Protein chains: 2
Amino acid sequence: MKYGIAIFPSKQLQDVANSLRKRYDTHYALIPPHITLKEAFNVEDSDLNNVVAEIKKIASKTTPFSLNVYKYSSFSPVSNTIYMGVKENEELLHLQKELNSGNLDQEEKYQFVPHITVGQDMDDDEFHDVLGRLRMETINHEEICDRFQLLYQLDNGSWTVYETFRLGGEA
Amino acid sequence: MKYGIAIFPSKQLQDVANSLRKRYDTHYALIPPHITLKEAFNVEDSDLNNVVAEIKKIASKTTPFSLNVYKYSSFSPVSNTIYMGVKENEELLHLQKELNSGNLDQEEKYQFVPHITVGQDMDDDEFHDVLGRLRMETINHEEICDRFQLLYQLDNGSWTVYETFRLGGEA
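Residues numbered from 1 in each chain as written. Chains lettered and ligands numbered in written order. Predicted model: local features only at pLDDT ≥ 70, side-chain atom pairs only at ≥ 80, totals over all residues. Heavy atoms only, no water.

Engineer: How do you make sense of the interface of chain B and chain A when you look at a structure like this?
Structural biologist: Often, the extent of an interface is quoted as the loss of accessible area upon association of its parts. Counting residues at the interface gives 30 residues for chain B and 30 residues for chain A. Inspection of the region where chain B meets chain A yields six salt bridges. Close ionic contact of B:Glu163 with A:Arg147 constitutes a salt bridge, the shortest N to O distance being 2.8 Å. Counting every contact that joins chain B to chain A gives 21 residue pairs in polar contact (both at pLDDT 80 or more). Counting residues per element, the ones that place at least two in the side of chain B that touches chain A are helix 1 (11-24), helix 2 (48-60), strand 7 (147-153) and strand 8 (159-166) of chain B. Per-element tally for the side of chain B that touches chain A: the top contributor is strand 8 of chain B, with seven residues. A breakdown of the residues in the side of chain B that touches chain A according to their chemical character gives 14 nonpolar, nine polar and seven charged. (Contact = heavy atoms within 4.5 Å. Salt bridge = Lys/Arg side-chain N within 4 Å of Asp/Glu carboxyl O. Polar contact = N/O pair within 3.5 Å; in protein donor to acceptor, adjacent residues only side chain to side chain. Helix = DSSP H or I, 4+ residues; strand = E, 2+ residues; numbered from the N terminus. Nonpolar A, V, L, I, M, F, W, Y, C, P; charged D, E, K, R; others polar.)

Next comes the structure, spelled out in structure tokens:
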């Protein structure tokens, strides 16, 4: 089965993201606004408990950290994706790295850029129009991240949460 | 903020449910297929930790149980809702009762009928047509339920998982 790991930010931030995603993000209905920590990866049923234990170990060694959304940006020219940029910080980068190495090793196509996608698969005109508008907006939101989620993908492409992991090891 | 408690069944069962929900359920994009254990209820931010602790206590005292989906049925004439019926069992009924009493007391409009909604807000003709067809189908699916989820509702009506609770108290 296909799994992925993501952070869901606060309702407040998700509501802002969704006001854009509703119009500009083809994945709007498939998953709530999120920061991807680990791209889709396959886990055999027989291996799931080991994977969960490994993730839990990583979560327990990570302390809650500040999540700071500070700009709108894009992955142009690679893709017409618009996102809310999340400021890099050591704890977040370390967490992402741990979730993609060792027993959870996974080839990463791109360097990790923490972000919340708000638009994707847009045509060029709309992409430049929306990005230009958003770049003039000020965004500066800070909150504490104390958990992340392991999800699995359904046949329709949507994602269901399998388990929540609290940072710092609290269950 | 508005919270709710639900069980997400296995991917296998969710895929079957979604093949119907896609066409017949107006809530298809708002939440994955689920069994509601506690209807939407308000929690003040300041009270959230207490509520989570209470739920955790209940989860720890509940052992994993068998979830048996055995028929298609409806809430007609109360509403044109079609669902997959989940066989009642003591553990499930007890869990639902615990999550709606004591500190989590909540007035329940209807008696608890464990189910997975696959169609709602249908017009009369479609409702009778689809229900008639589904009632001739055989469904008998059994799986172990070992967890449930606390979710919160976003402004667009969709639900995000806040925390997973493992039955039997394993974190």
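Having seen the structure, we can now continue with the description.
Engineer: How should unusual backbone geometry be read in this particular structure?
Structural biologist: With the exception of glycine, most residues fall at negative phi, and the peptide bonds are largely trans. Put simply, A:Ser76 and A:Pro77 share a cis peptide bond, and its omega is 5°. Here A:Pro77 lies in the loop between strand 3 (65-74) and strand 4 (82-86).

Engineer: Just checking my understanding: could you explain the packing of aromatic side chains for this structure?
Structural biologist: A ring pair, where both rings are aromatic, is described by two values, the distance of the centres and the angle of the planes. Summed over all chains, the structure comprises twelve aromatic pairs over all chains. Seen in terms of ring centroids, B:Tyr3 and B:Tyr152 are 6.1 Å apart; in terms of plane orientation they differ by 65°. Their pairing is edge-to-face. Within this pair, whereas B:Tyr3 is found in strand 1 (residues 2-7), its partner B:Tyr152 is found in strand 7, the two being separated by 149 residues in sequence. Note on B:Phe75 and B:Tyr83: the rings are 4.4 Å apart at their centroids and 35° apart in plane angle, and the pair reads as tilted. Overall, B:Phe75 belongs to the partly exposed group, its relative accessible area being 24%. Through a chain of ring-to-ring contacts, three or more aromatic side chains come together here, namely A:Tyr3, A:Phe41, A:Tyr152 and A:Tyr162. (Phe/Tyr/Trp six-rings, centres within 6.5 Å; stacked < 30°, edge-to-face > 60°. Buried < 20%, exposed > 50% of the residue type's maximum accessible area, 1.4 Å probe, protein only.)

Engineer: I'm lost on the pattern of salt bridges in this one. Help?
Structural biologist: Under the criterion given, the structure shown has 14 salt bridges over all chains. Where B:Glu163 meets A:Arg166, a salt bridge forms, and the shortest distance between an N and an O atom there is 3.0 Å. Highlighted residues: B:Glu163 in strand 8 and A:Arg166 in strand 8 (residues 159-166), drawn from two different chains. Among the residues examined, B:Glu163 registers a relative accessible area of 3% and is labelled buried. Judged by its relative accessible area of 12%, A:Arg166 is buried. One salt bridge in this structure joins B:Asp15 and B:Lys11, with 2.7 Å as the shortest N-O distance. Here B:Asp15 pairs with B:Lys11, and both are found in helix 1, just four residues apart, close to one helical turn.

Engineer: Where do I start with the relation of the copies chain B and chain A in this structure?
Structural biologist: Mapping between the two chain copies consists of a rotation about an axis together with a translation along that axis. The transformation that overlays chain B on chain A combines an axial shift of 0.0 Å with a rotation of 180°, and the residual RMSD is 0.0 Å. Interpreted geometrically, this transformation is the action of a two-fold axis. Same-surface contact between copies: 100% of interface residues of chain B are shared with the interface of chain A. (Least-squares fit on C-alpha atoms with pLDDT ≥ 70 in both.)

Engineer: Mind showing me how you'd approach the environment of B:Glu54 here?
Structural biologist: All names here are of chain B. Relative to the assigned elements, Glu54 resides in helix 2. Glu54 gets classed as buried once you look at its relative accessible area, which sits at 17%. A sequence separation of 104 residues divides Glu54 from Ser158, and the C-alpha atoms of the two residues are 24 Å apart. Once you skip the residues sitting within four places of it in the chain, Glu54 turns out to touch Asn103 and Leu104. In this structure the side chain of Glu54 is engaged in a polar contact, spanning 3.0 Å, whose partner is the side chain of Asn103.

Engineer: Could you clarify how one ought to interpret the environment of A:Lys56 in this entry?
Structural biologist: Relative to the helices and strands, A:Lys56 resides in helix 2 (residues 48-60). In sequence terms A:Lys56 and A:Ala17 are 39 residues apart; their C-alpha atoms lie 28 Å from each other.

These figures capture arrangement, not role.
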